[in-house]
Amino acid sequence: MARFLKKKHAPAGNIPGEPVFVGEKKTDVTEMHVIDYDAEHVGESRPGTVDALFKYRKTDSVTWININGVHDTERIRAVAEGFGMHALITEDIVNTDQRPKMEEYDDHLFFVAKMITYDTEAKRIHAEQLSMVLGHNFLITFQERPGDVFETVRERIRRKKGRIRECGADYLAYVLMDTVIDNYLFLMEHLGEQIEDLEELLLGNPDRNTLGAINDFKHEMNYLRKSIRPAKEFILHLSRLDSDLIQTKTRPFLKDLLDIATQALEAVDTYRTMLNDHLEIYNSNISNRLNEIMKVLTIFSAIFIPLTFIAGIYGANFVHMPELNWPYAYPVFWGVLITVALVMLRFFKRKNWL
Amino acid sequence: MARFLKKKHAPAGNIPGEPVFVGEKKTDVTEMHVIDYDAEHVGESRPGTVDALFKYRKTDSVTWININGVHDTERIRAVAEGFGMHALITEDIVNTDQRPKMEEYDDHLFFVAKMITYDTEAKRIHAEQLSMVLGHNFLITFQERPGDVFETVRERIRRKKGRIRECGADYLAYVLMDTVIDNYLFLMEHLGEQIEDLEELLLGNPDRNTLGAINDFKHEMNYLRKSIRPAKEFILHLSRLDSDLIQTKTRPFLKDLLDIATQALEAVDTYRTMLNDHLEIYNSNISNRLNEIMKVLTIFSAIFIPLTFIAGIYGANFVHMPELNWPYAYPVFWGVLITVALVMLRFFKRKNWL
Amino acid sequence: MARFLKKKHAPAGNIPGEPVFVGEKKTDVTEMHVIDYDAEHVGESRPGTVDALFKYRKTDSVTWININGVHDTERIRAVAEGFGMHALITEDIVNTDQRPKMEEYDDHLFFVAKMITYDTEAKRIHAEQLSMVLGHNFLITFQERPGDVFETVRERIRRKKGRIRECGADYLAYVLMDTVIDNYLFLMEHLGEQIEDLEELLLGNPDRNTLGAINDFKHEMNYLRKSIRPAKEFILHLSRLDSDLIQTKTRPFLKDLLDIATQALEAVDTYRTMLNDHLEIYNSNISNRLNEIMKVLTIFSAIFIPLTFIAGIYGANFVHMPELNWPYAYPVFWGVLITVALVMLRFFKRKNWL
Amino acid sequence: MARFLKKKHAPAGNIPGEPVFVGEKKTDVTEMHVIDYDAEHVGESRPGTVDALFKYRKTDSVTWININGVHDTERIRAVAEGFGMHALITEDIVNTDQRPKMEEYDDHLFFVAKMITYDTEAKRIHAEQLSMVLGHNFLITFQERPGDVFETVRERIRRKKGRIRECGADYLAYVLMDTVIDNYLFLMEHLGEQIEDLEELLLGNPDRNTLGAINDFKHEMNYLRKSIRPAKEFILHLSRLDSDLIQTKTRPFLKDLLDIATQALEAVDTYRTMLNDHLEIYNSNISNRLNEIMKVLTIFSAIFIPLTFIAGIYGANFVHMPELNWPYAYPVFWGVLITVALVMLRFFKRKNWL
Amino acid sequence: MARFLKKKHAPAGNIPGEPVFVGEKKTDVTEMHVIDYDAEHVGESRPGTVDALFKYRKTDSVTWININGVHDTERIRAVAEGFGMHALITEDIVNTDQRPKMEEYDDHLFFVAKMITYDTEAKRIHAEQLSMVLGHNFLITFQERPGDVFETVRERIRRKKGRIRECGADYLAYVLMDTVIDNYLFLMEHLGEQIEDLEELLLGNPDRNTLGAINDFKHEMNYLRKSIRPAKEFILHLSRLDSDLIQTKTRPFLKDLLDIATQALEAVDTYRTMLNDHLEIYNSNISNRLNEIMKVLTIFSAIFIPLTFIAGIYGANFVHMPELNWPYAYPVFWGVLITVALVMLRFFKRKNWL
């Protein structure tokens with residue numbers, strides 16, 4: 001299956017702004033979770049209907065609405081319209097094959113990012129699309145399935161750890177993106193160790209599996225790069241954005257986030273370069289081993305083929321072969337054979353093949 | 001035949017602004033089709049003469065004139081002049097080897113794009129040139145032959161699906177371009193699956209056909225890239241264009257189109273990288289297999305050539321060869337042969353060749 | 001001889017602004033040809049002296065002075081001074097190893113371009129330097145030798161075809177450059193067909209000549225690129241130039257010229273990429289064939305070397321070899337030989353080598 | 001262990017602005033050292049508490065506070081807060097896996113650089129993070145462990161060598177960065193000599209160790225590049241920075257520093273190119289040697305295999321083999337053998353294999 | 001010895017602005033030579049002391065002071081201070097491992113360039129640093145050793161050839177740089193011819209020396225590029241510089257110089273590409289030849305090994321071998337051998353190996 005482009009149901013001609021779910025359906029139900037907080041209070045709820053969300057539109061407290069499951073396009077559209085989003089946002093949320101990006105609208109910012117998990121058995125990275133809409137005092141996040149890496153963030157809000165409770169929805173958005181990017185670094189560190197370990201294999205006794213492993217890592221790095229590069233681009237854009245949705249005190253954090261994204265991108269590129277180097281070393285080593293194999297063949301052949309020839313001569317049945325009757329012919333024959341063999345060995349020693 | 005540059009009839013010295021048809025003639029007659037619509041009404045017609053088109057020049061309703069077949073340069077020129085286009089536009093429409101591009105004129109915008117179809121038998125992509133002229137309340141499209149992917153768009157206009165009937169000619173132009181680019185993605189997804197599937201072959205038992213397949217895909221990807229890259233460039237330019245031919249409410253759609261074009265371009269580049277990786281893996285694997293072949297040869301040779309030599313010695317006809325008369329000579333002879341063979345096998349086992 | 005840099009007579013230390021002819025002398029005499037035209041009249045002459053040219057300096061009609069042969073530095077300098085050109089222009093005209101470029105001076109624009117011809121026998125591209133000076137109502141062109149691709153342009157002027165007689169010297173300059181660039185495309189189309197045809201050879205039975213052909217095409221493409229890339233750059237610059245020497249109505253034509261130059265440059269790059277791919281395919285194919293050769297060798301060796309060994313054993317002359325006297329020894333011997341051969345064949349069939 | 005990305009203790013979800021030590025703990029105690037100087041006086045001290053540092057905040061003399069050991073996050077945070085730094089600075093100081101960078105804050109500039117040392121036994125470069133905070137009349141430096149290359153700078157301050165005592169904290173920061181970058185050049189010169197020396201090995205008799213050495217140098221160069229490229233970038237930015245923390249008279253020195261950083265970066269790139277060339281030469285040479293090995297094998301085989309065959313024929317035991325009884329059969333037999341051998345030798349001589 | 005980075009005496013910690021001679025000492029004495037000229041007069045002198053130079057500081061005539069030998073840092077510093085140069089200029093002059101660059105100071109411009117000479121025996125390019133300080137009406141040049149390519153310039157000044165005597169010190173600086181860059185072109189032309197000649201060798205019978213030659217040329221081209229690229233950059237900068245040290249009438253000459261530098265850089269890149277192509281052709285050819293060698297081996301083996309086997313069978317000593325007694329056994333035997341050989345030959349002919 002084409003992992004680098006997701007299967008769409010219709011080839012072309014979708015109506016623009018008409019949301020069509022694209023991707024694998026990863027959860028059956030759509031779950032909604034709300035945390036509403038300010039410096040003093042925190043409240044959590046799991047509303048069953050979309051309408052229950054709308055009361056958070058104009059509060060002074062910060063509201064984080066998280067929605068798991070985006071295949072229910074009707075519900076997503078209802079949320080989107082209730083919060084005054086452009087029709088294209090809905091379309092982007094449900095089409096889970098978007099590139100990471102940021103879009104500015106009058107009243108809100110829209111982000112798409114990719115959350116990464118690593119399936120250690122299949123040795124494959126899986127990506128899940130995270131869409132975020134940042135408005136005045138609210139942040140709505142859309143995930144493809146339940147379960148995420150944001151539990152620590154929720155705990156921090158509940159327990160008032162760090163400055164999160166004193167800051168606005170923009171800071172919350174930053175914290176979520178920071179968590180996502182940190183996860184990239186964590187994964188890359190994990191893969192990086194394995195890639196660096198491959199190297200010893202390469203200079204030792206590499207086989208076809210080594211080749212397969214290099215190839216697999218290359219794919220995963222290309223896959224990661226596809227998520228990180230546009231993410232870095234939009235973080236750069238965001239850190240320079242002149243919008244009243246981003247408070248001044250959040251800006252240094254965005255710059256810091258940009259540093260981390262840059263580091264992640266550079267790490268991907270470093271590992272890609274390293275894998276290319278690995279492949280070259282692998283190939284050189286294969287050639288080296290071919291040379292060794294051929295040396296063995298050549299040495300055996302060059303020594304024994306002439307000897308066999310000499311032996312063959314004295315197997316001839318000519319009636320008149322004077323040597324055959326000489327009394328010391330046989331020892332002399334052995335002497336010749338050994339001499340030829342020694343000459344050949346010396347020849348190969350001089351050539352540095354032994 | 002040079003697929004990457006089309007045959008021109010005259011080498012040089014064409015009169016600029018003098019339209020000369022370049023390409024294969026893909027249809028015999030020139031067909032004209034008109035849809036005229038606004039929020040309330042839709043009308044369709046197939047006028048036989050060019051003059052019948054001119055009444056749509058100044059209407060308030062949106063008019064989409066589609067013309068199939070561009071080899072009749074006289075007729076194309078008549079249309080172009082009737083709608084006040086620059087002589088170079090006519091030339092570009094009939095020369096079907098144009099790069100995708102956008103040009104601004106005072107009263108209209110001119111676009112050239114490539115529509116892609118895939119011939120699954122020849123495993124070849126075919127491109128057809130689509131030229132569009134966007135004026136105030138009209139859009140004229142020129143195609144090389146009848147039959148296109150725009151039927152769904154016509155249906156949407158007829159049945160008033162989506163917002164198309166409420167929007168202007170600029171939105172119609174966007175919808176057509178969106179359909180074209182969506183088609184790229186659909187095709188790439190199709191090719192992408194095949195390219196990703198190639199990989200398993202590569203690590204298994206690749207042959208010359210695999211090499212041919214990699215090469216073919218490389219060509220098709222280069223061919224696609226040639227169409228997509230300039231298209232992305234002009235969409236970028238269009239999305240930032242300050243022209244009263246583009247309404248404000250169409251702009252978010254153009255940005256979305258830019259995203260899709262960017263995704264298409266990135267997909268092409270991902271697959272090109274993947275094909276290069278495939279070729280490297282292929283080559284490494286060929287080297288691997290050469291090593292295996294040579295190991296087999298070397299093992300057989302290194303075991304049997306010495307044995308043959310030993311057998312050869314005792315085929316010699318020397319009169320005085322004491323061993324020949326020994327009663328246990330023959331079993332000892334076999335013992336020596338087997339010992340030598342075992343020593344060789346052990347040698348190769350230690351070298352890890354078995 | 002260094003084709004990519006022309007031989008200069010003096011290593012260094014030429015006096016700047018002092019014209020020194022650099023290149024091969026390609027004609028013996030310097031020929032001058034003048035066409036003077038406006039919408040109503042055309043006149044042609046072949047003046048013998050430089051002074052006869054000066055009367056065209058301030059006319060209202062458009063004057064095209066063409067000079068073939070630039071080795072006569074004195075005459076070139078006389079023309080240049082008479083028309084008020086900077087000393088460096090003279091130097092650039094006679095030094096025929098200039099890069100394509102445009103230079104702005106107060107009263108005129110100076111262009112250097114390369115005209116390309118293809119020597120089908122030597123399979124080599126030859127370049128000739130074309131220098132143009134565009135002033136108010138005059139255009140002076142300098143070519144290295146007689147004979148050019150501009151005859152159709154002269155005919156168009158004489159017969160009043162197209163708009164050329166209504167336009168100024170800037171349009172004439174455009175037409176000449178258009179002819180030059182069109183010629184590139186024509187040549188590239190010719191080479192492109194051959195390059196695309198090479199591909200079938202590659203997957204079939206390539207030999208050393210194929211390698212030589214790839215190499216030759218690579219050189220010619222590098223050579224072409226050296227002329228086209230700077231030409232595209234200066235056309236871009238020209239199309240944006242704010243100078244009263246370029247009329248407003250000529251600008252769309254310059255943009256069109258830029259499109260053609262871009263197409264030419266992209267075609268060169270496409271073919272360069274294709275040639276690199278060709279070389280990779282060639283190498284992979286060479287490796288493939290080595291594998292096939294080695295399989296043949298290995299199969300023959302692995303089957304017959306053991307057989308020869310067995311035959312060798314029974315050629316031994318031991319007195320006590322019980323098998324030799326068995327009545328069915330010989331048929332059994334053949335049976336063993338055939339069995340061994342069949343086992344080996346099966347082994348290779350399983351390995352997929354047959 | 002992943003050398004290109006350091007192990008973090010928590011995968012994701014760290015609280016931003018909450019300093020978490022990342023890296024190996026390289027020293028047990030945190031040491032603080034202060035030099036306070038102006039043109040007339042110098043004073044040094046080793047305060048035991050953080051509070052003792054705060055008196056230097058507003059002096060007119062220049063104060064350089066150096067802190068060795070950054071694992072004691074509490075103490076680092078106390079210093080940072082005492083000098084009014086942003087929380088993110090503390091985080092960056094203790095996370096020793098930062099990219100080199102510069103950050104502007106209202107009252108101070110923050111730099112991160114990498115100090116390089118070369119472990120000649122392990123043939124590995126080790127990097128230590130150097131963080132610097134430049135404020136008005138003070139510079140605070142943070143190092144991972146005791147011992148540094150700045151002793152000469154301290155001596156210069158103590159002995160009033162050069163202009164350092166007349167200049168401000170910005171000049172001191174420049175001197176330290178200059179020392180760090182100079183160290184890069186010194187190391188690169190050391191590695192460069194070894195890389196250039198490798199070349200002779202390559203054209204001689206390279207083996208697997210040569211391959212390993214090329215690979216190792218490639219890694220170290222990639223590692224160096226990772227430190228130098230961002231350092232060059234921030235020095236470029238710094239040299240253009242419009243901040244009152246940088247005095248006008250320091251600017252030429254910063255431009256000079258930029259030159260040195262550029263030179264270091266170019267040297268890294270030159271050596272990387274050279275190593276890639278080395279690898280290519282290595283591979284070509286391996287192929288060359290394979291050819292030589294195969295020539296030896298082919299020559300021996302092609303000469304002796306036919307000879308063995310001829311000898312084999314006359315070993316046949318046919319009853320009716322007339323040649324066997326000819327009186328001169330045996331000498332003729334030898335004549336044939338020698339003739340065949342000579343013909344083969346000539347054949348190979350013509351092919352230029354001998 | 002590291003040719004790409006020069007040996008410094010101290011690793012790090014040099015005092016900035018403190019000149020330390022870096023490089024090989026190439027002359028024993030420091031020579032000073034002065035030419036002072038205007039349109040009417042020329043005077044030359046060889047002052048023994050630095051003080052004798054200072055009278056030229058404020059004259060109206062143009063003064064060119066040339067100093068050979070920069071190891072005497074005291075003297076260089078004295079000159080520099082006398083002419084009011086920044087301390088960093090002195091440091092750059094005596095450190096002969098500078099990158100080509102230009103620096104603007106209030107009263108003067110400072111240039112560093114590399115003069116190239118080619119040692120035809122060692123096949124190595126040697127570079128000598130040329131530092132120039134351009135002030136009002138004076139130009140001071142510093143060279144590493146006596147003897148240069150500027151003698152023609154001096155002659156032009158003495159004999160009033162060209163416009164040099166009418167122009168200022170800026171024109172003199174241009175002439176010297178022009179001479180330096182022209183020298184690059186001259187050298188490149190020389191190397192280029194050899195590189196283009198290599199090609200014929202490559203398609204013929206390349207050996208290890210060819211590989212060494214490609215490698216050597218690659219190095220020299222990298223070395224040249226290191227000097228030319230930054231030179232082109234600063235000439236570009238200079239040609240756009242807004243400084244009253246550069247007169248308006250000198251600007252067209254600087255643009256011309258930029259053209260030449262661009263041409264030199266493009267030539268270097270063309271030859272680098274060509275050398276990479278050469279290496280690829282070399283490798284392909286090595287593979288081709290391996291194939292040929294293996295074909296010879298395979299053909300000989302595949303023909304004679306089966307024949308030897310057949311001969312071996314009839315050498316067997318079985319008592320009951322009916323064929324042995326057949327009267328026509330021996331001719332039939334020969335018939336079989338020849339048939340087998342012919343079949344094999346035909347097999348190889350079909351495979352196109354013969």
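Given the structure is predicted, the values throughout are model-derived calculations rather than measurements.

Asks: I'd like a rundown of the overall build of chain A, residues and numbers included.
Replies: Along its length, chain A carries eight helices and seven strands. On C-alpha atoms alone, chain A measures out to a radius of gyration of 34 Å, which is more than a quarter above the 20 Å that the 2.2 N^0.38 rule sets for 354 residues. Seen through its C-alpha atoms, chain A measures out along the principal axes to roughly 120 × 45 × 30 Å. The long-range fraction of contacts in chain A, counting pairs at least 24 apart against all pairs at least 6 apart in sequence, stands at 71%.

Asks: Give me helix H8 (residues 329–350) of chain C: which residues, what numbers.
Replies: All names here are of chain C. A rise of 1.5 Å per residue sets the reference length of H8, with its 22 residues, at 32 Å; its end C-alpha atoms lie 31 Å apart and thus fit the reference within 8%. Looking at the packing, one finds that the buried side of H8 touches helix H7 (322–325). In the segment just after H8, Asn-352 is the residue with positive phi, at about 70°.

Asks: Talk me through the sheet that holds strand S5 (residues 109–119) of chain B; I want residue IDs and the actual numbers.
Replies: Residues and elements named next belong to chain B. Taken together, the seven strands give an open sheet; going across it, the order is S2-S1-S3-S7-S6-S5-S4, and neighbouring strands pair in mixed fashion. Each edge of the open sheet carries a strand with a single partner, namely strand S2 (42–45) and strand S4 (101–104). Each strand of the sheet is rotated relative to its neighbour by a mean of 15°, with strand direction disregarded. With six bridges connecting them, strand S3 (residues 62–68) and strand S7 (residues 138–143) associate as parallel partners. In the sheet register, Asn-66 faces S7, and the bridge partner there is Thr-141. Sheet strands touched by helix H2 (residues 87–94): S5, strand S6 (124–135) and S7. Its angle to S6, the strand with the most contacts, is close to 160°. Sheet contacts for helix H5 (residues 208–239): S4, S5 and S6; angle to S4, the most-contacted strand, approximately 30°.

Asks: Before we move on, could you go through the sheet that holds strand S6 (residues 124–135) of chain A and cite the residues and values that matter?
Replies: Residue and element names in this part refer to chain A. Across the sheet, seven strands lie side by side as S2-S1-S3-S7-S6-S5-S4; this open sheet has mixed pairing. What marks the edges here is a single partner per strand, and that holds for strand S2 (42–45) and strand S4 (101–104). Shown here is a sheet whose adjacent strand axes are inclined to one another by a mean of 15°, direction ignored. Where strand S1 (residues 31–37) lies against strand S3 (residues 62–68), seven bridges are found, and the strand directions are antiparallel. Residue pairing in the sheet places Glu-31 in a bridge with Asn-68 of S3. Each of S3, strand S5 (109–119), S6 and strand S7 (138–143) is contacted by helix H4 (residues 169–203), which is oriented at about 30° to S5, the strand it contacts most.

Asks: Describe the relation of the copies chain C and chain B, with residues and values.
Replies: Two copies of one chain are present, and they are related through a rotation about an axis combined with an axial shift. Once turned by 72° and shifted 0.1 Å along the axis, chain C lies on chain B with an RMSD of 0.1 Å. Look at the turn and shift together and you get a five-fold axis relating the two. Residue Gly-315 of chain C of chain C places its C-alpha closer to the rotation axis than any other residue of that unit, at 4.3 Å. Comparing interface residues between copies, only 17% of those in chain C also lie at the interface in chain B; the contact surfaces differ.

Asks: Describe helix H1 (residues 73–82) of chain B, with residues and values.
Replies: Residue and element names in this part refer to chain B. Residues Ile-76, Arg-77, Val-79 and Ala-80 constitute the buried set of H1. Buried positions in H1, seen along its axis, are confined to an arc of 160° and lie on one side of it. Buried-residue contacts for H1 involve S3, H2 and S7.

Asks: Give me the interface of chain C and chain B: which residues, what numbers.
Replies: Every contact between the two is made by 58 residues of chain C and, on the other side, 55 residues of chain B. When residues of the side of chain C that touches chain B are traced back to their parent elements, those giving at least two are helix H3 (151–159), helix H4 (169–203) and helix H6 (251–313) of chain C. When residues in the side of chain C that touches chain B are grouped by element, the largest group, 30 residues, is from H6 of chain C. Looking at the side of chain C that touches chain B residue by residue, the class counts come to 23 nonpolar, 21 polar and 14 charged.

Asks: Describe the pairing of S7 of chain B, listing the residues and the values that go with them.
Replies: Residues and elements named next belong to chain B. Burial within S7 is extensive, with six of its six residues counted as buried. In S7, alternate side chains face the same way, and those of Phe-138, Ile-140 and Phe-142 on one face and Leu-139, Thr-141 and Gln-143 on the other are all buried. As paired elements, S6 and S7 share six bridges and run antiparallel to each other. Looking at S7, one finds that Met-132 is bridged to Thr-141. Between the end of S6 and the start of S7, which pair antiparallel, lie two residues, with Asn-137 showing a positive phi angle near 65°.

Asks: Summarise the domain arrangement of chain A; cite the residues concerned and give the values.
Replies: Each assigned domain of chain A is listed here: domain 1 (31–285) and domain 2 (291–350). Inter-centroid distance (C-alpha atoms) of domain 1 of chain A to domain 2 of chain A is 74 Å.

Asks: How would you explain the environment of Ile-303 of chain D if you had to name every residue and give the values?
Replies: Residues and elements named next belong to chain D. With respect to the secondary-structure elements, Ile-303 resides in helix H6 (residues 251–313). Ile-303 gets classed as buried once you count the C-beta atoms within 10 Å, which come to 22. For the pair Ile-303 and Val-42, spaced 261 residues apart in the sequence, the C-alpha separation amounts to 88 Å. Setting aside its immediate chain neighbours within four residues, Ile-303 contacts Ala-341 and Met-344.

Asks: Describe the packing of helix H5 (residues 208–239) of chain C against H6 of chain C, listing the residues and the values that go with them.
Replies: Residues and elements named next belong to chain C. In contact at an axis separation of 9 Å, H5 and H6 are set at 155° when each is read in the N-to-C sense. The orientation of H5 relative to H6 falls into the category roughly antiparallel. Crossing geometry of H5 relative to H6 is assigned as left-handed. Taken together, the residues that form the contact of H5 with H6 break down as 21 nonpolar, four polar and seven charged.

Asks: Talk me through unusual backbone geometry; I want residue IDs and the actual numbers.
Replies: Notably, Lys-123 of chain A is not glycine yet its phi reads approximately 50°, a positive angle. As for its placement among the helices and strands, Lys-123 of chain A is situated in the loop between S5 and S6. For Lys-123 of chain A, a count of 14 C-beta atoms within 10 Å translates into the label partly exposed. Phi is positive for Asn-137 of chain C, close to 65°, though the residue is something other than glycine. Along the chain, the position of Asn-137 of chain C falls in the loop between strand S6 (124–135) and strand S7 (138–143). Judged by the 19 C-beta atoms lying within 10 Å of it, Asn-137 of chain C is partly exposed.

Asks: Quick one: what's the story with the environment of Ala-39 of chain E, residue by residue and with numbers?
Replies: Residues and elements named next belong to chain E. If you trace the backbone, Ala-39 turns up in the loop between strand S1 (31–37) and strand S2 (42–45). Ala-39 sits in the exposed class, given 11 other C-beta atoms within 10 Å. Expressed as a C-alpha distance, the spacing of Ala-39 and Cys-167, which sit 128 residues apart in the sequence, is 8.2 Å. For Ala-39, the contacting residues outside a window of four places in its chain are Arg-165 and Glu-166.

Asks: Explain the packing of H6 of chain D against helix H6 (residues 251–313) of chain E to me, using residue names and the numbers behind them.
Replies: Running from N to C, H6 of chain D and H6 of chain E cross one another at 20°; their axes reach a closest spacing of 8 Å. Judged on the interaxial angle alone, H6 of chain E and H6 of chain D are roughly parallel. In the crossing of H6 of chain D with H6 of chain E, the sense of the turn from one axis to the other is left-handed. Looking at the contact of H6 of chain D with H6 of chain E residue by residue, the classes come out as 21 nonpolar, 13 polar and three charged.

Asks: Would you mind going over the environment of Ile-181 of chain C in detail, with residue names and values included?
Replies: Residues and elements named next belong to chain C. You can see Ile-181 is positioned in helix H4. Sequence-wise, Ile-181 and Ala-113 are 68 residues apart; in three dimensions their C-alpha atoms are separated by 9.4 Å. Excluding its chain neighbours within four sequence positions, the residues that come into contact with Ile-181 are Ala-231, Leu-257, Ile-260, Ala-261 and Ala-264.

Asks: Can you explain the confidence of the model for chain A? Please cite residues and give values.
Replies: For chain A, per-residue confidence averages 88 on the pLDDT scale, and 96% of positions sit at 70 or higher. For this predicted complex, the interface score ipTM comes out at 0.82, alongside a pTM of 0.86.

Rules used in this analysis
Residues numbered from 1 in each chain as written. Chains lettered and ligands numbered in written order. Predicted model: local features only at pLDDT ≥ 70, side-chain atom pairs only at ≥ 80, totals over all residues. Helix = DSSP H or I, 4+ residues; strand = E, 2+ residues; numbered from the N terminus. Rg over C-alpha atoms; globule rule 2.2 N^0.38 Å. Contact = placed C-beta atoms within 7 Å. Expected span 1.5 Å × (residues − 1). Pairing = 2+ DSSP bridges. Axes fitted to C-alpha atoms, helices over the stretch in contact; angles between N-to-C directions. Least-squares fit on C-alpha atoms with pLDDT ≥ 70 in both. Buried ≥ 20, exposed ≤ 12 C-beta atoms within 10 Å, placed from the backbone. Arc of directions from axis to C-beta. Nonpolar A, V, L, I, M, F, W, Y, C, P; charged D, E, K, R; others polar. Domains from an automatic or database assignment. Parallel < 35°, antiparallel > 145°, perpendicular 65-115°, else oblique. Left-handed = near helix turned anticlockwise from the far one by under 90°. pLDDT = per-residue confidence, 0-100.

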